[in-house]
Amino acid sequence: MDNLLDRALGLDGRSDRWPLRGKLVLVEDCVETGGAFVIHHIIKRFLSPQSSAFSNNSLILVAFSQPLSHYDRVLRKLGCNLVAQRDNNRFLFFDMLNLRFPDREDAKIGSSVLVSLFEKIYNAVCALSAENSCITIVIDDIALMEVVANGSSDSVLDFLHYCRTLTSEFDCSVVALNHGDIYSSMEKPMLMLNLEYLSNILVRAEPLATGSVVDVHGQLMVFDKGERDRQGTSGSKIHNFHFRVKENSVDFFYPGGRG
Amino acid sequence: MATPKTRASSFSRNIPSTAASQVPGVKSGPNGTLFLSSGISDLDKILGGGFPLGSLVVVMEDPEAPHHMLLLRNFMSQGLVHNQPLLYASPAKDPRGFLGTLPSPVSSKDDKSLDRDSEQEKGLRIAWQYKKYFGENQQNSNSQRDNKFEYCNEFDLRKPVQRQFLSGQRIECISTQDSPDLAALHDRCASFLKQFLKTDGNISGAGRIAIQSFCAPQCTYFEQEWRVLSFIRSLRSMIRSSNAVVILSFPPSLLSLSFSKRLQHMADTLLSVRAIPDEDKDLAKLLTGYQDMIGLLSVHKVARINTQVPVILEAATFSMKLQKRKFLVLECLNQAPVDGSSGTSYATSGSCSGSSKGRSLDF
């Protein structure tokens, strides 16, 4: 069953190939309106039986924010069993929560963590693509990755550039969550600007201008930059709609179209 | 007095409640979470049960008023009543001194008099032939009442807890002013939380950590923003795998905006307290009961552990009042009837002219 978000992301087609192959999707949210549900939705669609019918879909989840138990419970209610997928080697969980608190502040320690993380991801991607797998890498979230890197946005940007090369080299998808309101007060938020430039699809979750309401949890803006051709970017589309998050699904609807 | 309502999750799991109910002070909630009481029954109701075990509660302070201390005091006292070990960190030279200001729980004798008053009020509305049924119920609940087995107690803020009560408890204190680096505080938290590691079996007990005025200017790490964030990230990770709750207060006005936002995102439950200017005529016109209010409490985020559904509150800002000058209660803000003769519209009277913040109130 397709909904507005699936249509906006291009997931509503009947093609055998995962539509987000080779693309970088950036999800932005803020304190008032969390965007994690978009990540959960994409994970669920990717690992669902219809998507993986013709290809071996494998997901790598790099988690800085929540432990596996949280994702497992949330995805289970959405109809996706992460533990079973892990047992079938279709789901890899990289637990970044238990990184040691460094004894002293050192930029080198932070960047070395990211370097070894990328190595791990690269090795996993190589192994999976040898089996002709379609791979999606999910990063939750970039703001915490910056903290691990001790504030070195250069290290984080390097890491994300390298992930971008994976999309072209191995046809992976990369989906990352970041908190846009952290950067809104900065004059030159280099990391944010670079990320938005790098991404193919930008999904932004914001609160309603009129305040919070029980029936409508917020609004989503999906900006699909489309394919580049010789004349430049073409076919870019912007979608705007409202959403309401439930345990078992998320409702998406146009403003006033509730019901 | 309107009571704040919360929406329960539409999906609830059948959890055998025997496991958690054997541990005093821990209650089971939806999605397999266990709750600790905040020590303020109104706040527990607003948050849908209390603070979930394994969560980080962040309170944003107002430099003009010490209301965050009320939240911390009730939180710590509640832990003492339930014999939950406590780790307290503050920028004071001698944090142990603060323990002397913790409120003591109201004993059951005082509770009876409170209840009888409300019962008599109710009695006026209940027809005489039904009074006999209510009388029976009241007697039963009083006899069962025992402070230790109540999930949330009432605390008398005018009466400090007795010294004997403190001496039998497992309380650790640490001053954040002296430590040159956050490594010492981190190690203390790590060793404290080791006692409460989450296991697959039943929980044996829960712990509480209260960190007051984190990043206060007198602390040496005040300027090292990334170090502070790294500490909180690590603390958050440790707490996720523990049966404990950390409450941390910090002054957002003294920190950079982006740093404050990063901290807010790391919080599971985010609260803020604001002072109420003393003689604000505009506010007095706008709200009922303005004279009794000591401050405002706003709930920005409610913990979403094991679920993706956000908690949307009908009202996000509550007034803090001291009932009978003893008990902290939270009430929804009620707009006073608009005075037709004054001619001011709701929109213009919404801004607080007296305060420096100028934020509008959220009803």
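Please read these numbers as outputs of a predicted model, since none were measured by experiment.

Looking at the overall build of chain B
Line of reasoning, step 1. Looking only at helices and strands, chain B features 12 helices and 14 strands.
Line of reasoning, step 2. If you sum the accessible surface of chain B, you get close to 17,000 Å²; carbon and sulfur atoms cover 50% of it.

Regarding the confidence of the model for chain B
Residue and element names in this part refer to chain B.
Line of reasoning, step 1. Confidence along chain B averages 78 in pLDDT terms, with 75% of residues attaining 70 or more.
Line of reasoning, step 2. Here helix α12 (residues 346–349) is the element of chain B with the lowest mean pLDDT, 36, and strand β4 (residues 56–60) is the one with the highest, 96.
Line of reasoning, step 3. Segment residues 15–20 is flagged for pLDDT under 50; beyond a separation of four residues in sequence, or across chains, it makes 7 contacts in the model.
Line of reasoning, step 4. Across residues 342–360, where pLDDT falls below 50, the model places 23 contacts with residues more than four positions away in sequence or in other chains.
Line of reasoning, step 5. Taken over the whole predicted complex, pTM reads 0.84, whereas the ipTM for its chain interfaces reads 0.93.

Remarks on helix α7 (residues 153–170) of chain A
Note on helix geometry: an α-helix contains 3.6 residues per turn, so any two residues three or four positions apart are oriented the same way.
All names here are of chain A.
Line of reasoning, step 1. Taking 1.5 Å of rise per residue, 18 residues should cover 26 Å, and α7 covers 25 Å from first to last C-alpha, within 8% of that figure.
Line of reasoning, step 2. All of the buried residues in α7 are Ser-155, Val-156, Leu-157, Phe-159, Leu-160, Cys-163, Leu-166, Thr-167 and Phe-170.
Line of reasoning, step 3. At the exit of α7 stands Asp-171, carrying a positive phi of roughly 65°.

Description of the interface of chain A and chain B
Line of reasoning, step 1. Contact residues are listed per partner, giving 49 residues for chain A and 39 residues for chain B.
Line of reasoning, step 2. Put simply, chain A and chain B have 2 salt bridges between them.
Line of reasoning, step 3. When the shortest N-O distance is used, the salt bridge between Glu146(A) and Arg262(B) registers 3.1 Å.
Line of reasoning, step 4. Linking chain A with chain B are 15 residue pairs in polar contact (both at pLDDT 80 or more).
Line of reasoning, step 5. The leading source of residues in the side of chain A that touches chain B is helix α3 (residues 68–78) of chain A, at 6 residues.

Quick word on the packing of aromatic side chains
Line of reasoning, step 1. Going through the model one piece at a time under the given rule, you end up with 14 aromatic pairs over all chains.
Line of reasoning, step 2. Both rings, one in Phe118(A) and one in Phe159(A), keep their centres 6.2 Å apart while their planes meet at 85°; by these two values the pair is edge-to-face. Taken together, the positions of Phe118(A) in helix α5 (residues 107–130) and Phe159(A) in helix α7 put the pair 41 residues apart, joining distant regions of the chain. Phe159(A) carries the same exposure label as Phe118(A), and that label is buried.
Line of reasoning, step 3. What links up through ring pairs into an aromatic cluster is the set Phe118(A), Tyr122(A), Phe159(A), Tyr162(A) and Phe170(A).
Line of reasoning, step 4. Above the plane of the ring of Phe94(A) lies Lys120(A), whose end atom (NZ or CZ) is 4.5 Å from the centre.
Line of reasoning, step 5. Across from the ring centre of Phe75(B), 4.8 Å away, lies the NZ or CZ of Arg208(B), which sits over that ring.

Quick look at the side chain of Thr176(B)
All names here are of chain B.
Line of reasoning, step 1. As for its position among the elements, Thr-176 is in the loop between β8 (171–175) and α8 (183–193).
Line of reasoning, step 2. Taking the relative accessible area as the measure of exposure, Thr-176 reaches 2% and is therefore buried.
Line of reasoning, step 3. Not counting the four nearest positions on each side in its chain, Thr-176 is found in contact with Ala-89, Ser-90, Pro-91, Leu-185, Cys-219 and Tyr-221.

Quick look at the environment of Phe101(A)
Line of reasoning, step 1. In this structure, Phe101(A) sits in the loop between β3 (91–95) and α5.
Line of reasoning, step 2. Along the chain, Phe101(A) and Val148(A) lie 47 residues apart, while their C-alpha atoms are 8.9 Å from each other.
Line of reasoning, step 3. The residues touching Phe101(A), leaving out its near neighbours within four places in the chain, are Leu182(B), Ala183(B), His186(B), Arg227(B), Ser230(B), Phe231(B) and Ser234(B).

What to know about unusual backbone geometry
Line of reasoning, step 1. With an omega of -5°, the peptide bond running from Asp140(A) to Asp141(A) counts as cis.
Line of reasoning, step 2. Examined against the element boundaries, Asp141(A) turns out to sit in the loop between β4 (133–140) and α6 (142–148).
Line of reasoning, step 3. The residue Cys215(B) is not glycine, and still its phi comes out positive at about 65°.
Line of reasoning, step 4. With respect to the element layout, Cys215(B) can be found in the loop between β9 (207–211) and α9 (225–240).
Line of reasoning, step 5. Judged by relative accessible area, Cys215(B) falls into the buried class, the value being 0%.

Re the nonpolar core
Considering soluble globular proteins, one finds that nonpolar side chains tend to be buried as a cluster.
Line of reasoning, step 1. In terms of nonpolar packing, the biggest core is built from 82 residues, with Val62(A), Ile137(A), Ile139(A), Phe159(A) and Phe214(B) touching the most fellow members.
Line of reasoning, step 2. With 8 residues, α5(A) is the single largest residue contributor to this core.
Line of reasoning, step 3. Setting aside residues no more than four positions away along its own chain, Phe214(B) makes contact with Leu182(B), Leu185(B), Tyr221(B), Val228(B), Phe231(B), Ile232(B), Leu248(B), Ser249(B), Phe250(B) and Pro251(B).

Regarding the sheet that holds strand β1 (residues 26–28) of chain B
Residue and element names in this part refer to chain B.
Line of reasoning, step 1. Pairing is antiparallel in the open sheet, where 3 strands are placed in the order β1-β2-β3. Where the open sheet ends on each side, the last strands, each with one partner, are β1 and β3 (51–52).
Line of reasoning, step 2. Sheet analysis places strand β2 (residues 34–36) next to β3, joined by 2 bridges and oriented antiparallel. Opposite Phe-35, over in β3, you have Pro-52 as the bridge partner.

About the thresholds
- Residues numbered from 1 in each chain as written.
- Chains lettered and ligands numbered in written order.
- Predicted model: local features only at pLDDT ≥ 70, side-chain atom pairs only at ≥ 80, totals over all residues.
- Heavy atoms only, no water.
- Helix = DSSP H or I, 4+ residues; strand = E, 2+ residues; numbered from the N terminus.
- Areas by Shrake-Rupley, 256 points an atom, 1.4 Å probe, with all protein chains shown as cover.
- pLDDT = per-residue confidence, 0-100.
- Contact = heavy atoms within 4.5 Å.
- Expected span 1.5 Å × (residues − 1).
- Buried < 20%, exposed > 50% of the residue type's maximum accessible area, 1.4 Å probe, protein only.
- Salt bridge = Lys/Arg side-chain N within 4 Å of Asp/Glu carboxyl O.
- Polar contact = N/O pair within 3.5 Å; in protein donor to acceptor, adjacent residues only side chain to side chain.
- Phe/Tyr/Trp six-rings, centres within 6.5 Å; stacked < 30°, edge-to-face > 60°.
- Lys NZ or Arg CZ within 6 Å of the ring centre and 35° of its normal.
- Core = buried A, V, L, I, M, F, W, Y, C linked by side-chain atoms within 4.5 Å.
- Pairing = 2+ DSSP bridges.

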